[in-house]
Amino acid sequence: MCGIVGYIGSREAYPILIKGLKRLEYRGYDSAGVAMLQDGNITLIKEKGKVSDLEGLASSSNKSGSLGIGHTRWATHGPPNQVNAHPHASQSGDIVLIHNGIIENYATIKSVLTSKGYIFRSDTDTEVLVMLIEEIQKNEKCDIAKAVRLALNEVTGAYAIAVFSKKEPDVLIGARKGSPLILGIGEKEFFLASDASPVIEYTKKVVYINDEEMVVLQRNGEFELKTIQNERKTPYIQELELKLEAIEKGGYEHFMLKEIHEQPKSIYDSVRGRVDIENGKIKLGGLEEYENRIMNSRRIIIVACGTSWHAGLLAEYMIEDLARANVEVEYASEFRYRNPVIDKEDIIIAISQSGETADTLAAIEMAKKQGCLILGICNVVGSSIPRASDAGCYTHAGPEIGVASTKAFTSQVSVLFLVALWIAENKGTLSKSRIQEYLTELELIPSKIETILSETESQIKAIAKEYKDASNFLYLGRGYNFPAALEGALKLKEISYIHAEGYPAAEMKHGPIALIDDEMPVVFLVNNSSAHEKTISNVQEVAARKGQVIAIANKGDKVIAGMAKHVIEIPETEDALSPILASIPLQLLSYYIAIERGCNVDQPRNLAKSVTVE
Ligand code: F6R
């Protein structure tokens, strides 16, 4: 939540900040703001709404300055208005600060500062921090770096911050705890950002700042990395692998559509190098070191949120079905607070696209304390969850920018399928030839997705037009198709704001069937599996009540063709892999319905891509 960007060097900061904020807008778009320093004066411009609104407001202002910070906000404390937008200035106006995270003890600090005469203009926790820095600097008569460091020792909670003072025009400071922060190192210039996207076109040299670390960046090209306890650290400078094309729309109208179409490649990239069909082997280098412990564990507990939780549910089905290992799936937010019985016999698999989700991270920390082995399945390289894990696998889906997760989900499922097969291979629950069959089929998935994209997109556009005004949708499936149904419903509600429920198809008669009338679209996932006949019976129950059946079925399924109003055909595959194929039409359906309704697909209301608050 919230994107931050900072610059110090010899270029104009404003264009760098605005471009960076546009790339970070997936993290929040309630308000945006920038502050630049020029000739001892700070220009502070902020606006409610998106970065484009900020640009409009800034068009007639002087925006000069080669030191600056910028912020795009996902509101936590206080409504999304101009006053609460970042940057926030100190009482004197000398210091400005941007912040991603939550200062939990802000109320206590605020009341102390208020009693000392500080007047707060906003409802934010961030303003408290900038005032505290000013108060400390006044008392200690120290430089801004020391004041920031001392202030950070007084706050609890999470933060990634960038801050500067007009009294020290050649210094920019960044710090983090719990929220991501990257330092980009150029030729006598530095960049700070929540992720690598604002930095990539200027430099490939980056340092991932760790928790409780801060950087003091000087305009002359010198910098210092230290802990907030004032211990100097040696920066580990890494080379970014990210390519600029990967974070641009590449001719598509929306990132979401681009990412839906990227799935043949993202799945190929996720699987590449991990599969040895000839020998029926799976190579997951990240897990090998812990092979014994994983194979001898009592239980695998999967923790995740949202779409990643749906991938986790599929992983439970796959690992239990193929590898006969004991799996539980938990919402990270529930798991961490419900005092679960766990110990060193248990393995935690944390699934996260961003690698920054606060609840998932906190669940990991809690399980670590109980001695569990932590495996991370994440997409963003260098993010907090992989760094907090003992081992794991990256999903290699490439940057996912659309707020609704698409390609990250199918890559997660592909990698988790490999994890299931790897455990099966090690435990001997599947024969070599069966593993070879599964791997062969996995390798065919990218081309099958290409077929679905080319054969169904125009049909789905027409279906979207027909149902764009529906107020509710049901998504039903059995077995492996149940988690896929949940994911289909989530996609629709998050980007089109239509209420949608996913259910196990057989559960429908225990309640949701009461909702069915001739206006209710019901999306059935009916692939050729052992559950086909049973699911068909459920389709009949809906059709008998005049529900509008939209079926995702295998090519040539004559039975469903006679019952459903629309049949979207997908190729056949292994049961365990069918959710990947079924997800493609579900993603397209939600995308085109949202477009028909005029919704902002890439930036749905109230959402943010990276949920770094509890
Ligand atoms: C839905 C979506 C969210 C995320 C959830 C977890 O499309 O994107 O439900 O899946 O916020 O995020 P990660 O995977 O980054 O931990």
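Since the structure is predicted, the reported quantities are computational estimates derived from the model, not experimental observations.

## Here's the deal with the overall build of the chain
Consideration 1: When helices and strands are tallied, the chain shows 19 helices and 27 strands.
Consideration 2: Relative to the 2.2 N^0.38 estimate, which gives 25 Å for 614 residues, the radius of gyration of the chain is 25 Å and therefore close to what a compact globule would have.
Consideration 3: For the chain, the spread of C-alpha atoms along the three principal axes comes to 80 × 55 × 45 Å.
Consideration 4: Per-residue burial over the chain gives 61% buried out of 614 residues.
Consideration 5: A sequence separation of at least 24 residues applies to 71% of the contacts in the chain between residues at least 6 apart.
Consideration 6: Element-wise, carbon and sulfur atoms account for 47% of the exposed surface of the chain, whose accessible area totals about 22900 Å².
Consideration 7: When the 67 positive and 82 negative side-chain charges of the chain are each reduced to one mean point, those points stand 2 Å apart.

## Some remarks on the sheet that holds strand β8 (residues 171-177)
Consideration 1: Strand order in the open sheet formed by seven strands is β5-β6-β7-β8-β12-β13-β14, with antiparallel pairing between adjacent strands. The sheet is open, and its two edges are formed by β5 (88-89) and β14 (232-233), each paired on a single side.
Consideration 2: With nine bridges joining them, strand β6 (residues 95-103) and strand β7 (residues 157-165) adopt antiparallel strand pairing. What sits directly across from Ile 95, in β7, is Ser 165.
Consideration 3: Set on the sheet, helix α4 (residues 126-140) makes contact with β5, β6 and β7; between it and β6 the angle comes to about 130°.

## What about the pairing of strand β27 (residues 566-570)?
Remember that side chains alternate between the two faces of the sheet whenever the strand is regular.
Consideration 1: Most of β27 is tucked away: four of the five residues are buried.
Consideration 2: Pairing of strand β26 (residues 548-554) with β27 involves five bridges; the strand directions are parallel. Bridge pairing links Ile 552 to Ile 568 in β27.

## A word on the domain arrangement of the chain
Consideration 1: Along its sequence, the chain is organised into domain 1 (3-246) and domain 2 (255-596).
Consideration 2: Relative to domain 2, the C-alpha centre of domain 1 lies at a distance of 37 Å.
Consideration 3: Taken together, the 10 residues of domain 1 in the interface contact nine residues of domain 2.
Consideration 4: Of the roughly 830 Å² buried between domain 1 and domain 2, counting both surfaces, carbon and sulfur atoms make up 48%.
Consideration 5: Put simply, domain 1 and domain 2 have zero salt bridges between them.
Consideration 6: Joining domain 1 to domain 2, the criterion identifies four residue pairs in polar contact (both at pLDDT 80 or more).
Consideration 7: Tallied by class, residues from the side of domain 1 that touches domain 2 come to seven nonpolar, one polar and two charged.

## Digging into the pairing of strand β25 (residues 521-526)
Consideration 1: By the criterion of burial, β25 is predominantly enclosed, with six of the six residues buried.
Consideration 2: Neither face of β25 is open: one carries Pro 521, Val 523 and Leu 525, the other Val 522, Phe 524 and Val 526, and all of them are buried.
Consideration 3: Relative to β25, strand β23 (residues 472-477) runs parallel, the two being bridged by four bridges. Opposite Leu 476, over in β25, you have Phe 524 as the bridge partner.
Consideration 4: Following the chain from β25 across helix α17 (residues 532-544) to the adjacent parallel β26, one finds a crossover that is right-handed.

## Here's the deal with the site of the ligand
Consideration 1: Taken together, 15 residues form the shell around the ligand, and within it Ser 308, Ser 352, Ser 354, Thr 357 and Glu 494 come nearest.
Consideration 2: Here an oxygen atom of the ligand and a side-chain polar atom of Thr 357 are 2.4 Å apart.
Consideration 3: Considering the ligand on its own, with 410 Å² of exposed area, one finds that the protein chains cover 90% of that surface.
Consideration 4: Elements with a contribution of two residues or more to the shell around the ligand: α10 (306-323) and α16 (481-496).
Consideration 5: Tallied by class, residues from the shell around the ligand come to five nonpolar, eight polar and two charged.

## With respect to unusual backbone geometry
Consideration 1: The step from His 86 to Pro 87 runs through a cis peptide bond, and the omega angle for that step is 0°.
Consideration 2: The topology assignment puts Pro 87 in the loop between β4 (67-73) and β5.
Consideration 3: Residues other than glycine seldom take positive phi values, yet Lys 188 does so here, at roughly 50°.
Consideration 4: When you line up the elements, Lys 188 lands in the loop between β9 (182-185) and β10 (190-193).
Consideration 5: Its identity is not glycine, yet Asn 230 carries a phi of approximately 75°, on the positive side.
Consideration 6: Examined against the element boundaries, Asn 230 turns out to sit in the loop between β13 (223-227) and β14.

## What about the sheet that holds β4?
Consideration 1: Pairing within the open sheet is antiparallel, and its eight strands lie in the order β3-β2-β4-β1-β10-β9-β11-β15. Of all strands in the sheet, those bounded by a partner on one side alone are β3 (41-48) and β15 (238-239).
Consideration 2: Here strand β1 (residues 3-8) runs beside β4; their pairing, made up of six bridges, is antiparallel. By the bridge assignment for β4, Gly 3 is matched with Thr 72.
Consideration 3: Each of β1, β2 (31-38), β4 and β10 is contacted by helix α1 (residues 13-24), which is oriented at about 160° to β1, the strand it contacts most.
Consideration 4: Strand contacts of helix α2 (residues 51-58): β2, β3 and β4, with the helix running at about 130° to β3, the strand carrying the most contacts.

About the cut-offs
Counting of residues starts from 1 at the beginning of each chain's written sequence and follows it residue by residue. The predicted nature of this model means local features are confined to residues of pLDDT at least 70 and side-chain atom pairs, given and counted, to a pLDDT of 80 or more, with totals for whole chains, interfaces and linings taken over all residues. Only hydrogens and water are removed before side-chain values are computed, so all heavy atoms of the structure are retained for them. To qualify as a helix, a DSSP run of H or I must reach at least 4 residues; to qualify as a strand, a run of E must reach at least 2; elements of each kind are numbered from the N terminus. Both definitions apply: the radius of gyration is a C-alpha atom measure, and the globule rule equals 2.2 Å times residues to the power 0.38. For every residue, the accessible area obtained with a 1.4 Å probe (protein chains only) is divided by the maximum for its type, and the residue is called buried under 20%, exposed over 50%, and partly exposed between those limits. Residue contacts follow a heavy-atom distance rule, with two residues in contact if any of their heavy atoms lie within 4.5 Å. Note that accessible areas follow from Shrake-Rupley with a 1.4 Å probe, and for residues the cover is restricted to the protein chains shown. For this count, His and the chain ends are skipped, Lys and Arg are scored as positive, and Asp and Glu as negative. Positions of charges follow a simple convention, taking NZ of Lys, CZ of Arg, CG of Asp or CD of Glu. Any two strands between which DSSP finds at least two bridges are classified as paired. To get an axis, fit a line to the C-alpha atoms, keeping to the stretch in contact for a helix; angles then go from 0 to 180 degrees between the N-to-C directions. How far each domain reaches was decided by an automatic or database domain assignment. Two parts lose some accessible area (1.4 Å probe) when they are put together, and adding that loss for both gives the buried area. Here, a salt bridge means any side-chain nitrogen of Lys or Arg that lies within 4 Å of a carboxyl oxygen of Asp or Glu. We call two N or O atoms a polar contact when they sit within 3.5 Å, provided that within protein one can donate a hydrogen and the other can accept it, with sequence-adjacent residues counted only if both atoms are side-chain atoms. Nonpolar residues are Ala, Val, Leu, Ile, Met, Phe, Trp, Tyr, Cys and Pro. Charged residues are Asp, Glu, Lys and Arg, and all others, Gly as well, are polar. Here the term right-handed applies to a crossover when the path leading from its first strand over the helix to its second strand runs clockwise, the strands being oriented away from the viewer. Here a residue is considered near a molecule or strand provided that any single heavy atom belonging to it is located within 4 Å of it.

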